[in-house]
Amino acid sequence: MNIILQREYLIFKHNIIFYLCLWTLIPMIIYLFISFPFSFYIKLPNGISYLNWSSVGNWVSASSTLSFIISMNIASKYIDENSYSRTMLCTPISNKEHLLGGLIWSLIMGFIQLIFSLAITLSFKSANLFLLDILLIIIYIIPIIILISNIGFLIGLSCKGGLIRIIISLIFFLFIYFSSGLFVPLNNGLPYIFTLSPIYLSVQNIQAIMANDSSMISSSLILVFISILFFIINLVISFKVFKS
Amino acid sequence: MEASITLKSLAKKKNNDIILADLSLGIESKSNHAIVGQNGAGKSTILKILAGLIEKDAGTAYINGKDISTRQAETKIVIGYMPQHIDLDNEMTIFENLMIFGRLYGVSNELLKNRILKFSDIFDYKNQLLEYPKKLTPGILRTIQFTRSIIHNPEILLLDEPTSKMDPKNKIKVWEILDTEGKDKTVLFTSQDFDEVEKFSDRISILHHGQIRMDGSLDKLVGVTKGLSKYQIRFKDSVPDGIIDSIGQMPKILKPEINGKILEFYSNERKFFFEVLKEVIMSDISDIDMDFCKLIDLYLGLIGSKVE
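(A) Highlighting the overall build of chain B. Along the backbone of chain B there are 11 helices and 14 strands. With respect to the three principal axes, the spread of C-alpha positions in chain B is 75 × 45 × 40 Å. In chain B, the proportion of contacts linking residues at least 24 apart, taken out of those at least 6 apart, comes to 70%. When the accessible surface of chain B is summed, it comes to about 14200 Å², and 48% of that surface belongs to carbon and sulfur atoms. The positive charge centre, built from 42 side chains, and the negative charge centre, built from 45, are 3 Å apart in chain B.

Here it is as structure tokens:
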């Protein structure tokens, strides 16, 4: 697994400028094209600032989008018959190690994106937080990144065509962005099923931290559990896909 | 000699096409074994199955007596595989491409560096080690792929058309390395270059429609033709009319054909060649050629386009 990570690190090292731009631009774009325009139309109760409130959406969406894209990209290389990744499958490294390597790398990249997003939104003064709050927020967001990386890996392994992958990713992100209360408050009239979503509950918890309310870790534990299930599904699929 | 690789009733289907059908083959340890066949005959499929890149539909394959399906880690570590297509990672340098692959086999950094320098020196790409693959020619990339397959000093080499796209100088170097470093290795390779196959293999298998049609040493394979020779008579102007009909009647004259100004036929006995010569002696002959059947003739005969 270390060698898989080492390979990803080498690729990253050669593209460091690109990643620095990506880490900086993603939260800025989300702020400029989603949070900022929405702030003119969405008014929150109790005088809470929308820009402050939507910072959570920025952190979650930026970090999970990046880790999703990276894990999907890593997985899709394994099903490309003429790729280096494919030939790596003839080495004694197990499928589990290939999977873990890809997922850990996408988690690392998503985590760095989260740090960048936090730094950028805090510099915009759209969120005022103490260090402990930030740590707690990170603890709540990491399980979301893990789950979405796993889903990205699954899509990367299952969809052969690039266009199909793009369409599925687009639908998936529209769903995640707007069904989890990341940018639009869903308190009134939200179908009951959405309130059961662990991502929605985690986002609610983070927003509670922002409002100095109490939060519950159970939703994050559920996310970790679901992530483990997805990892097992990925592992089962990999046995079929890696040898097809 | 003991078998290093054993295939038993191997079968593989792709969509509805049969790629391999009930294929059985034993490859002797420390030998050079060539597989020849048409495009799509299943040569690469055999290597991919052995390398663990694709799953067989039926049958069993053993490497050093170990089933490749149940003891993957043990069988994969002794294999070095070189695919037919160029698959180097364009996002890493040549040095990194080789280094990562060697590390996946658990080779130490120090040993890897030494081996990379050694092979890059042999194949003359030392100055390009820090370049990206997309900047290099396919010929050089093939030598790098060959280096990658041998970097961990494997016991068994699976080489899919190893010298394709290489220049003649590098082709010779590949076979020299296989002659020296590969002396104690089992080499299973595919090739479309029959001269190369004749020169460098201890045993040859001719694959056709997913089955081994002939298998053995070059002498044994050519021996089945019982001295069959190919004769060519080149005429100055044109081949005399009706010659095919008249020599077609002669016993032991096989596959008489006209190729432009050349009359071609096969026979086991030279006296029949003289019989044909008598028939055409009045015509303007510019050249005569005779050669014993080679692997290529045997192969073309087997796949049905020439001698049967």
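(B) Up close: the pairing of strand β8 (residues 186-190) of chain B. Residue and element names in this part refer to chain B. Extensive coverage of β8 is indicated by the burial of five of its five residues. Neither face of β8 is left uncovered, since the one carrying T186, L188 and T190 and the one carrying V187 and F189 both have all their residues buried. Bridge analysis of strand β3 (residues 32-37) against β8 gives four bridges, and the strand direction is parallel. Residue pairing for β8: H33 is matched across the bridge by L188. Chirality of the crossover, the property in question, places the unit of strand β7 (residues 156-160), helix α6 (residues 168-180) and β8 among those that are right-handed.

(C) Broad picture of the pattern of salt bridges. Residue and element names in this part refer to chain B. The full count for this structure, using the stated rule, is 13 salt bridges over all chains. In this structure, K12 engages D57 in a salt bridge whose closest nitrogen and oxygen atoms are separated by 3.9 Å. Taken together, the residues K12 in strand β1 (residues 3-14) and D57 in the loop between α1 (43-51) and β4 (58-63) connect sequence positions 45 residues apart. Of the residues examined, D57 reaches a relative accessible area of 47% and is grouped as partly exposed. Note that D215 and R203 form a salt bridge whose closest N and O atoms lie 2.4 Å from each other. One end of the pair, D215, is in strand β10 (residues 211-216); the other, R203, is in strand β9 (residues 203-208), and 12 residues separate them in sequence. Residue D215 is classed as partly exposed on the basis of its relative accessible area of 23%. Several salt bridges share partner residues, and in doing so they unite K66, R71 and E74 into one network.

(D) Seen up close, unusual backbone geometry. Residue and element names in this part refer to chain B. Phi is positive for D124, close to 65°, though the residue is something other than glycine. Positionally, D124 belongs in the loop between α4 (109-122) and α5 (138-150). What makes D124 exposed here is its relative accessible area of 57%. At H209, a residue that is not glycine, the phi angle is positive and equals roughly 50°. As for its position among the elements, H209 is in the loop between β9 and β10. Classification of H209 by relative accessible area gives exposed; the value is 60%.

(E) Inspection of the nonpolar core at higher detail. Counting 141 residues, the largest nonpolar core has W59(A), I5(B), L7(B), L50(B), F146(B) and L158(B) as its most contacted members. Considering every element that reaches this core, the biggest residue donor is helix α7 (residues 131-158) of chain A, with 14 residues. Sequence-distant contacts of F146(B), defined by excluding residues within four places in its chain, comprise M82(B), F123(B), L159(B), M166(B), V174(B), I177(B) and L178(B). In this structure, Y231(B), V239(B), I247(B) and V276(B) belong to the second largest nonpolar core, which totals 15 residues.

(F) Representation of the sheet that holds strand β11 (residues 229-235) of chain B in the model. All names here are of chain B. Read across the open sheet, the four strands follow the order β12-β13-β11-β14; overall the sheet is antiparallel. Only two strands of the sheet have a single partner each, and these edge strands are β12 (254-259) and β14 (285-292). With strand direction ignored, the average angle separating the axes of adjacent strands in the sheet is 15°.

(G) Up close: the packing of α5(B) against α6(B). All names here are of chain B. One way to put it is that α5 packs onto α6 with a least axis distance of 11 Å and a crossing angle of 10°. Here α6 runs roughly parallel to α5, going by the angle between their axes. The segment α5 lies against α6, with T143, F146 and I150 engaging N170, V174, I177 and L178. Looking at the contact of α5 with α6, its residues break down into five nonpolar, two polar and no charged.

(H) Molecular detail of the side chain of S61(A). Residues and elements named next belong to chain A. Positionally, S61 belongs in helix α4 (residues 55-78). Of the residues examined, S61 reaches a relative accessible area of 0% and is grouped as buried. Polar contacts involving the side chain of S61 include one to the main-chain carbonyl oxygen of G57, which spans 2.5 Å. A distance of 3.4 Å separates a polar atom in the side chain of S61 from the backbone oxygen of N58. Setting aside its immediate chain neighbours within four residues, S61 contacts I30, Y177, L182 and F183.

(I) Spatial organisation of the interface of chain A and chain B. On the side of chain B, 29 residues touch chain A, which itself brings 24 residues to the contact. Put simply, chain A and chain B have three salt bridges between them. Measuring nitrogen to oxygen at the nearest pair gives 2.9 Å for the salt bridge that ties K48(B) to E81(A). At the boundary of chain A and chain B, one finds 12 residue pairs in polar contact (both at pLDDT 80 or more). Among the residues forming the side of chain A that touches chain B, the class breakdown is 11 nonpolar, eight polar and five charged.

(J) Inspection of the packing of aromatic side chains at higher detail. One pass over the structure, following the stated rule, counts 19 aromatic pairs over all chains. When the centroid spacing of 6.4 Å and the interplanar angle of 25° are considered together, the rings of Y31(A) and F36(A) count as stacked. Its relative accessible area of 12% is what places Y31(A) among the buried residues. With a centroid separation of 4.9 Å and 65° between ring planes, the pair formed by W175(B) and F189(B) is classed as edge-to-face.

So, how was this worked out
Residues numbered from 1 in each chain as written. Chains lettered and ligands numbered in written order. Predicted model: local features only at pLDDT ≥ 70, side-chain atom pairs only at ≥ 80, totals over all residues. Heavy atoms only, no water. Helix = DSSP H or I, 4+ residues; strand = E, 2+ residues; numbered from the N terminus. Contact = heavy atoms within 4.5 Å. Areas by Shrake-Rupley, 256 points an atom, 1.4 Å probe, with all protein chains shown as cover. Lys, Arg positive; Asp, Glu negative; His and termini not counted. Charge placed at Lys NZ, Arg CZ, Asp CG, Glu CD. Buried < 20%, exposed > 50% of the residue type's maximum accessible area, 1.4 Å probe, protein only. Pairing = 2+ DSSP bridges. Right-handed = clockwise from strand over helix to strand, strands pointing away. Salt bridge = Lys/Arg side-chain N within 4 Å of Asp/Glu carboxyl O. Core = buried A, V, L, I, M, F, W, Y, C linked by side-chain atoms within 4.5 Å. Axes fitted to C-alpha atoms, helices over the stretch in contact; angles between N-to-C directions. Parallel < 35°, antiparallel > 145°, perpendicular 65-115°, else oblique. Nonpolar A, V, L, I, M, F, W, Y, C, P; charged D, E, K, R; others polar. Polar contact = N/O pair within 3.5 Å; in protein donor to acceptor, adjacent residues only side chain to side chain. Phe/Tyr/Trp six-rings, centres within 6.5 Å; stacked < 30°, edge-to-face > 60°.

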